[in-house]
Amino acid sequence: MPILSKDAAQALLKKVLAYSKADECEVSIFGGDSGNVRYARNEVSTSGANSKNMLVVNAAFGKKLGTATINEFDDASLEKVVRRAEELARLAPENPEYMPVLGPQQYAAAADCYNKDTAAIDPAFRADAVAKSLAITKQNKLVAAGYLENNTGFSAIMNSKGLFAYHDSTQVNFSITVRSEDGTGSGYASKAYNDVRKLDVSKDTSIAAQKATGSKGAKAIEPGKYTVILEPAASIVLIEQLINSMDARSAEEGRSFLSKAGGKTKLGDKLMDEQVTIYSDPWHPDMPTAYYNNDGRPQEKITWIDKGTVKNMFYSRYWAQKDNVKAIPGPDGFIMEGGNASLEELIKSTEKGILVTRLWYIRPVDPQTLLFTGLTRDGTFYIENGAIKHPVKNFRFNESPVIMLNNVEALGIPERAVSGESGQSAILPPMKLRDFTFTSLSDAI
């Protein structure tokens, strides 16, 4: 089944709803085409393509809800999945938190998430990109492992009260790890874009190659609190934990870093440095996202942290009704404001510190303080008198993004990054931070 246009998706969902006998019915469909190529030890190891579509039917009788899914779209199958959802709804217990489906919503114009050049990526394009990457690593006697994937997708939602929304998008993702031939040096780069014309595989491979060469012969230094410069690929895996934890219900129920005693929250409190402003914007030109969320609520430009102060939390419709506030959906991506300094200028301004390329294997320690542990990898360097002096062995760290963002010394120029943990994209700057806590050494490269 090909990617569905807006008109085709609308017609299909209308057909499905026509089968419904439930009090309320909501139908959503999503799918897309993707292609990928993977290489390791300087050779292509796998390549492939995938095409998938899924239809989801939610049927409700009163507060009893049933859900069924299907990936066949002939008339008999469509009626069957509706009947199955209704059967499950009749068997289900009442859900006291069930919210009626929304009626038609007022949406702003869709963001420009679809790019025809990205949609046109084919196996020849991916093979050419890998060839450019491997030319650099082979020339420098380095060993590369990388992954390039492109996606063209769509989603649509319609319900029995007349709501309809449609979204299509493209994306290309590239990540590469480069090692020295003896395995003692490692470098990394990753990028994600809606528009493939912004992707520069050769540039990203060169950055990873430089780090691999530069990180050979790493020296062990004592763990402790250090001034650090986190590149965006490092900081994103901690800051996404903060943004994804800004749920009002968790805060009011005492399960969050935003909780206060007695069911109160830290909404309106200043928790971070004044340089920290984080917002989401579906229409940001460098990172457009969907203009509605998965239950049909419109997305808006929302400021979450304003000059260090918590300005908003996200609410489910049920919890917003309980609190008698606006039901703000969580963001699909986030943007952190920065400064005008380049990464090189941040390094030059540092008397003593550590440059971190990447953090990985992030695991929670204490959800109420957002304390996490993890490891540095793929290029960790000691800075002295404004210059990189030598590579250092990797560390385990224990740090909270809340504390981290309260220790900001300087911010660089924001750029789009992709999380190596979740795959989520964000725009954020390189950060110079004081008192980052490294607890032990790691033998990882």
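As annotated in an unreviewed UniProt entry, the protein carries the name TldD/PmbA family protein and comes from Chitinophaga qingshengii.

K.L.:
Where do I start with the UniProt feature "domain: Metalloprotease TldD/E N-terminal" (unreviewed entry) in the protein in this structure?
P.N.:
Sites flagged by UniProt as "domain: Metalloprotease TldD/E N-terminal" (unreviewed entry) map to residues 25-89. Secondary structure across residues 25-89 divides into 23% helix and 65% strand, with the first and last C-alpha atoms of the span separated by 11 Å.

K.L.:
Just checking my understanding: could you explain helix H2 (residues 75-91) for this structure?
P.N.:
Counting along an α-helix, one turn takes 3.6 residues, and residues three or four places apart therefore face a common direction. Helix length check: H2 (17 residues) gives 25 Å between terminal C-alpha atoms against 24 Å at 1.5 Å per residue, within 8%. Summarising the contacts, the buried residues of H2 are in contact with helix H1 (6-18), strand E2 (43-61) and strand E3 (64-70).

K.L.:
Help me understand the sheet that holds strand E1 (residues 24-40) in this model?
P.N.:
Pairing between sheet strands relies on hydrogen bonds along the backbone, with the strands arranged either parallel or antiparallel. Spatially, six strands are ordered E3-E2-E1-E4-E5-E6 in an open sheet, and the strand pairing comes out antiparallel. Because the sheet does not close on itself, it has two edges, and the strands there are E3 and strand E6 (186-193). Strand after strand, the sheet turns through a mean of 15° between neighbouring axes, direction not considered. In terms of strand pairing, strand E4 (residues 142-159) meets strand E5 (residues 164-180) through 17 bridges, oriented antiparallel. Across the sheet, the residue bridging to Ala 145 is Thr 177, located in E5. Contacting E4, E5 and E6, helix H5 (residues 201-214) runs over the sheet at an angle of about 35° to E5.

K.L.:
Please explain the packing of aromatic side chains as it appears in this structure.
P.N.:
Aromatic rings considered in pairs are described by the distance between their centres and by the relative angle of their planes. Scanning the entire structure with this criterion turns up twelve aromatic pairs. For the pair Tyr 107 and Tyr 291, a centre-to-centre distance of 5.2 Å together with 75° between the ring planes defines the contact as edge-to-face. Of this pair, Tyr 107 sits in the loop between H2 and helix H3 (116-119) while Tyr 291 sits in the loop between strand E8 (278-280) and strand E9 (302-306), and the two are 184 residues apart along the sequence. Owing to a relative accessible area of 21%, Tyr 107 belongs among the partly exposed residues under this scheme. When the ring of Tyr 318 is compared with that of Trp 319, the centres are 6.2 Å apart and the planes differ by 50°; the resulting orientation is tilted. Overall, the relative accessible area of 6% leaves Trp 319 in the buried class. Put simply, the rings of Tyr 226, Phe 395, Phe 397, Phe 436 and Phe 438 touch in pairs and so form one group of aromatic residues. The ring of Tyr 279 carries the charged tip of Lys 301 above its face, separated from the ring centre by 5.0 Å.

K.L.:
Which parts of the structure should I look at to understand the packing of H1 against H2?
P.N.:
Helix-helix packing: each pair is described by the crossing angle between the helix axes and the interaxial distance. For the pair H1 and H2, interaxial distance at closest approach is 9 Å and the crossing angle is 55°. Between H1 and H2, the interaxial angle falls into the category oblique. In terms of crossing hand, the pair formed by H1 and H2 is right-handed. Taken together, the residues of H2 that come into contact with H1 (itself represented by Leu 12, Lys 15 and Val 16) are Asp 75, Leu 78 and Val 82. Looking at the contact of H1 with H2, its residues break down into four nonpolar, no polar and two charged.

K.L.:
Can you walk me through the pairing of E4 in this structure?
P.N.:
Of all 18 residues making up E4, 13 are buried, and the element is well covered by its neighbours. As judged from the 14 bridges shared by E1 and E4, these two strands associate in the antiparallel manner. Bridging across to E4, Asp 33 finds its partner in Thr 152. Here E4 folds back onto E5 in antiparallel fashion, the turn holding four residues, of which Gly 162 has a positive phi close to 100°.

K.L.:
What is the right way to look at the UniProt feature "domain: Metalloprotease TldD/E central" (unreviewed entry) in the protein in this model?
P.N.:
Under the feature "domain: Metalloprotease TldD/E central" (unreviewed entry), the UniProt entry names residues 121-202. As annotated, residues 121-202 comprises 23% helix and 52% strand, and the C-alpha atoms at either end are separated by 17 Å.

K.L.:
Even after reading the chapter, I still don't get the environment of Phe 30, so can you show me in this structure?
P.N.:
Counting through the fold element by element, Phe 30 comes out in strand E1. Setting aside residues up to four positions removed in sequence, Phe 30 forms contacts with Lys 52, Asn 53, Met 54, Val 56, Phe 154 and Ser 155.

K.L.:
Is there a simple way to explain unusual backbone geometry in this structure?
P.N.:
Backbone phi values are negative for most residues with the exception of glycine, while trans is the configuration of most peptide bonds. For Lys 141, which is not glycine, the phi torsion reads 55° and is therefore positive. The residue Lys 141 is located in the loop between helix H4 (123-139) and E4 in this model. We classify Lys 141 as exposed; its relative accessible area is 58%. A positive phi angle, near 55°, is found at Asp 435, a position not held by glycine. For Asp 435, a relative accessible area of 38% gives the class partly exposed.

K.L.:
How should H1 be read in this particular structure?
P.N.:
End to end, H1 covers 18 Å across 13 residues, agreeing with the expected 18 Å (1.5 Å per residue, within 8%). Every buried residue of H1 is listed here: Ala 9, Leu 12, Leu 13, Val 16 and Leu 17. Viewed along the axis of H1, the buried residues span an arc of 135°, placing them on a single side of the element. Summarising the geometry of H1, the exposed residues directed more than 90 degrees from the buried face are Asp 7, Lys 14 and Ala 18. Where H1 is buried, its residues contact E1, E2, H2, E4 and E5.

K.L.:
What is the right way to look at empty space enclosed by the protein in this model?
P.N.:
Gaps left between atoms are located by rolling a probe of water-molecule size over the structure's atoms. Within this structure, the stated rule accounts for one cavity of 30 Å³ or more. Among the elements of the structure, E9 and strand E11 (334-336) are those that each provide at least two residues to the lining of the largest cavity. The residue inventory of the lining of the largest cavity, partitioned by class, reads eight nonpolar, five polar and three charged.

What counts and how
For every chain, the first residue of its written sequence is number 1, and the numbers climb from 1 along that sequence. Local features are withheld for residues below a pLDDT of 70 in this predicted model, meaning they are given only at 70 or higher, and side-chain atom pairs are given and counted only at 80 or more; totals for whole chains, interfaces and linings count all residues. The basis for the side-chain values is all heavy atoms of the structure; hydrogens and waters are excluded. UniProt positions are given in the numbering used here, feature names are shortened, and annotations may be inferred rather than shown by experiment. Numbering of helices and strands runs from the N terminus, with a helix taken as a DSSP run of H or I at least four residues long and a strand as a DSSP run of E at least two residues long. Each helix should span, by expectation, one fewer than its residue count multiplied by 1.5 Å. The contact rule is simple, with two residues in contact once any of their heavy atoms fall within 4.5 Å. When DSSP locates at least two bridges between a pair of strands, those strands are taken to pair. A fitted line through C-alpha atoms serves as each axis, taken over the contacting stretch for helices, and the angle formed by two N-to-C directions is quoted from 0 to 180°. Centres within 6.5 Å make a pair out of two Phe, Tyr or Trp rings, where for Trp the six-membered ring is used; the pair is then stacked when the planes are under 30 degrees apart, edge-to-face when over 60, and tilted otherwise. Here the term buried applies to any residue with accessible area under 20% of the maximum for its type, exposed to any over 50%, and partly exposed to those in between, with areas from a 1.4 Å probe on protein chains only. Placement of a charge over a ring requires the Lys NZ or Arg CZ to be within 6 Å of the ring centre, with the centre-to-atom vector within 35 degrees of the ring normal. Angle categories: roughly parallel below 35 degrees, roughly antiparallel above 145, roughly perpendicular from 65 to 115, and oblique for all the rest. Crossing handedness is read from the near helix: turned anticlockwise from the far helix by less than a right angle, it gives a left-handed crossing, and turned clockwise, a right-handed one. In this classification, Asp, Glu, Lys and Arg are treated as charged, Ala, Val, Leu, Ile, Met, Phe, Trp, Tyr, Cys and Pro as nonpolar, and every other residue, Gly included, as polar. Comment: arc refers to directions from the helix axis out to C-beta atoms. Definitions used throughout: a 1 Å grid over protein atoms alone; a cavity as a set of points that fits a 1.4 Å probe which cannot get out; a pocket as an open set with protein on both sides within 12 Å along at least five of seven lines; a lining residue as one with an atom within 4 Å of a point. Grid points are joined across faces, edges and corners, and a volume is the space filled by probe spheres set on the points.

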